[in-house]
Each structure stands twice: as C-alpha cells, then as structure tokens.
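Fold and geometry: a report
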Amino acid sequence: MKTLNWGALTLCTLLSTGLWAATPEAKDQLQSLHTINEQRTKVAQRSQTKIDKVEEERRALLDEYRSVSRMIEELQVYNRQLEVQTEAQQRQITALSESITEATQMKRQVTPLMLEMLATLEQFISLDIPFHLGERQQRLAFIQDAMDNPQVNDAEKFRQLLEAYQIENEYGRKIDSYIDTIEVNGQPINVNVLRVGRIALLAQTKDQQQSWRWDNQLQQWQPLDNDYRKPVRHAIRIARQQAAPDLLMLPVSAPQGAQEAGNE
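A brief look at the structure comes next. In this convention, every chain numbers its residues from 1, walking through the sequence in written order. Totals for whole chains, interfaces and linings use every residue, but because this is a predicted model, local features are given only for residues with pLDDT of at least 70 and side-chain atom pairs only at 80 or more, for both listing and counting. Excluded from the side-chain calculations are hydrogens and water; all other atoms, namely the structure's heavy atoms, are used.

**Considering the nonpolar core**
Condition: Nine residue types can take part in a nonpolar core, namely buried Ala, Val, Leu, Ile, Met, Phe, Trp, Tyr and Cys, and a core is a set of them joined through side-chain atoms within 4.5 Å. We call a residue buried when its accessible area falls under 20% of the maximum for its residue type, exposed when it is over 50%, and partly exposed in between, using a 1.4 Å probe and counting protein chains only. By definition, any uninterrupted DSSP run of H or I lasting at least four residues is a helix, any uninterrupted run of E lasting at least two residues is a strand, and each is numbered from the N terminus. Should any heavy atoms of two residues lie within 4.5 Å, those residues are considered in contact.
Judged by nonpolar contacts, the single largest core of 13 residues is most densely connected at Phe131, Ile182, Val191, Leu201, Ala203, Trp212 and Trp221. For this core, the elements supplying multiple residues, two or more each, are strand E1 (175-184), strand E2 (187-196), strand E3 (200-205) and strand E4 (211-215). When residues in this core are grouped by element, the largest group, three residues, is from E1. In this structure, Val191 is in contact with Tyr178, Ile179, Asp180, Ile182, Ala203, Gln204, Thr205 and Trp212, ignoring residues within four places of it in sequence.

If you want it as structure tokens, here you go:
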C-alpha cells in the first residue's frame with residue numbers, strides 16, 4: 001500500500017519552481033515539513049503493521065477454520081463408522097445373551113443326562129459278563145469323582161463318559177486273553193481267561209487240565225468237557241497273537257431271547 005506524502009511533494013514543488021530560499025523561515029518550514037513527514041510515515045508504518053498483523057491473524061483464523069472443518073468432517077465419518085460398529089456389537093451382545101441363556105438351560109439339562117448315562121453304564125457293567133471287572137469299576141469310580149468335583153467342567157465330564165461308552169463298545173468286538181483268579185465252588189483258582197466279545201467268557205488252568213464257561217444267568221463258572229480243552233487253548237493262543245487267526249469251536253451262550261423261545 002502506497003502512502004501519499006504531502007510534505008515531500010510540497011518540498012519537491014518548491015525546489016522545482018525555484019521558490020525555495022535558504023532563509024530561516026524557509027528552514028523552519030522545511031524542518032516542520034520534514035517532521036510532519038516523518039510522523040506521517042511512522043503513522044503509516046504503524047497502520048501498515050497493524051494491517052499486516054490483522055491479515056496474518058485473518059489467514060491464521062482461516063487456516064484454523066479449514067483445519068477444524070476437516071477435523072469435523074473426519075469426526076463425522078468416524079462417528080458414522082462407530083455407529084455401524086456399535087450396532088453390530090449390540091447385535092453380538094444380544095446374540096451372546098441369548099446363547100448364555102440357552103447354555104444355562106442346556107447345562108441344567110446336561111447334568112441329569114450325564115448322571116443318567118453313568119447310572120446306565122454302572123447297571124450295564126453289573127449285568128454284563130464279569131471280565132476286567134477291576135479296570136471297569138475303577139473307570140466308573142474315576143468318572144463318579146469327576147462328576148462330584150466342581151472344578152471339572154461339564155465338557156470334560158461328558159468326554160469321560162463318552163470315552164467309557166466307547167471302550168465298552170469296543171469290548172464287544174474284540175477277543176482277548178488275560179490272567180486272573182476265579183472262584184469255583186468257593187475256591188480261588190489261577191487261570192487264563194479268554195473273552196470272545198460278549199458271547200463267551202472262558203477260563204482254563206495253566207496246565208490246561210480244567211476249563212470253565214461263565215454262565216451269566218446262573219452267575220457262576222460251569223465246567224467244560226475235555227473236548228474243549230484244546231480249542232480253548234488254541235483260542236487263547238490266537239487272542240495273545242501266538243497263533244494265526246482260525247475258525248474257533250467254542251461254547252457260547254445263546255441270546256436270552258432265543259433261550260426263552262426255546263423254553264416255550
């Protein structure tokens with residue numbers, strides 16, 4: 001911005017027209033004009049400084065306004081995104097609350113179911129032919145302890161039950177032999193026991209001189225004829241993988257339904 005300096009203009013006019021003379025009055029006048037000129041110049045400079053300062057403040061405010069505007073736009077976008085996420089989280093919370101309610105209801109139903117399964121397994125083992133009784137009863141006791149332990153979660157309890165059922169299921173499809181002590185006529189006898197699934201439980205002394213068959217209806221060991229001495233021995237060798245699989249001629253118990261039909 002240009003400032004009109006009338007003192008300088010007047011001085012220049014006087015000089016150009018030759019009207020100026022080096023008289024005291026002229027000097028005073030010149031000095032006065034010079035002083036006024038300096039004052040006006042200072043005033044103009046101060047005004048210009050104020051104008052420049054105002055302009056800088058205006059630009060700073062404009063930059064701040066633009067920055068705040070961008071921030072507001074970004075916050076609006078962010079808030080919209082948060083609203084979407086909040087709605088999704090609310091739906092998840094609702095779904096989890098429903099799942100918790102359903103899980104609580106299922107837990108109340110699962111515990112009686114597991115207890116019923118355990119009771120059924122105990123009854124099944126008590127009615128089954130008596131093989132590996134110590135091992136099977138120990139397994140039942142272990143599961144019962146887990147059922148009574150509040151630190152064992154339901155998933156682990158259920159896993160143990162299913163594993164026990166699976167083991168019992170496998171017993172019905174396999175043949176095995178082991179050493180055990182049976183009681184015959186009140187006398188304990190050390191024997192080799194042969195189990196063929198659940199259809200036959202046989203026992204034979206180590207000298208192979210005596211053999212028995214378990215009668216599950218009578219709940220006792222029944223002696224076998226000497227004709228079964230070699231077949232039982234051969235079957236024990238097969239069960240112990242000491243002989244190749246072969247056709248076995250062994251006494252087996254007929255199914256209970258078939259026996260009742262025959263009795264009729």
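Read on for the rest.
**Brief notes about the packing of aromatic side chains**
Rules: To pair, rings of Phe, Tyr and Trp, with the six-membered ring standing in for Trp, must have centres within 6.5 Å; the planes then decide the type, stacked if under 30 degrees apart, edge-to-face if over 60, and tilted in the middle. Working rule: Lys NZ or Arg CZ, within 6 Å of ring centre, within 35 degrees of ring normal, means a charge sits over the ring.
Evaluation of the coordinates by the stated rule reveals two aromatic pairs. With centroids separated by 5.0 Å and ring planes inclined at 85°, the aromatic side chains of Phe131 and Tyr171 adopt a geometry described as edge-to-face. Of this pair, Phe131 sits in the loop between helix H2 (24-127) and helix H3 (133-148) while Tyr171 sits in helix H4 (residues 154-171), placing them 40 residues apart in sequence. Residue Phe131 shares its accessibility class with Tyr171, and that shared class is buried. Judged by centre distance (5.4 Å) and plane angle (70°), the ring pair of Trp214 and Trp221 falls under edge-to-face. Residue Trp221 is classed as buried on the basis of its relative accessible area, which comes to 12%. Directly above the aromatic system of Phe131 lies the positively charged group of Arg136, at a separation of 4.0 Å from the ring centroid. We note Arg195 situated over the ring of Phe131; from NZ or CZ to the ring centre the distance is 4.8 Å.

**Some remarks on the side chain of Arg136**
Inspection of the secondary structure assignment puts Arg136 in helix H3. On the basis of relative accessible area, Arg136 is assigned to the buried category, the value being 0%. Once you skip the residues sitting within four places of it in the chain, Arg136 turns out to touch Phe124, Ile125, Asp128, Ile129, Phe131, Glu168, Tyr171 and Arg198.

**Some points on the sheet that holds E3**
Worth spelling out the cut-off: Any two strands with at least two DSSP-identified bridges between them are counted as paired. Working convention: axes come from line fits to C-alpha atoms, limited for helices to the stretch in contact. Angles between N-to-C directions cover 0 to 180 degrees.
If you trace the five strands from one edge of the open sheet to the other, you get E1-E2-E3-E4-E5, paired in antiparallel fashion. Looking at the sheet topology across the chains shown, the edges are occupied by E1 and strand E5 (220-223). Each neighbouring strand pair of the sheet contributes to a mean axis angle of 35°, computed without reference to strand direction. Sheet topology places E1 next to E2; 10 bridges connect them, and they run antiparallel. When the sheet's bridge partners are listed, Ile175 is paired in E2 with Val196.

**Some thoughts on the packing of H3 against H4**
For clarity, the cut-off: Note that the term roughly parallel is reserved for angles under 35 degrees, roughly antiparallel for angles over 145, roughly perpendicular for angles of 65 to 115, and oblique for everything else. Helix crossings get a hand from a simple test, with the near helix turned counterclockwise from the far one by less than a right angle marking a left-handed crossing and a clockwise turn marking a right-handed one.
Where H3 contacts H4, the two axes come as close as 9 Å, and the packing angle between them is 165°. Considered as vectors, H3 and H4 are oriented roughly antiparallel to each other. Like other packed secondary-structure pairs, H3 and H4 cross with a definite hand, here left-handed. The segment H3 lies against H4, with Glu135, Arg136, Arg139, Phe142, Ile143, Ala146 and Met147 engaging Lys157, Gln160, Leu161, Ala164, Ile167, Glu168 and Tyr171.

These values are about where atoms sit, not about what they do.
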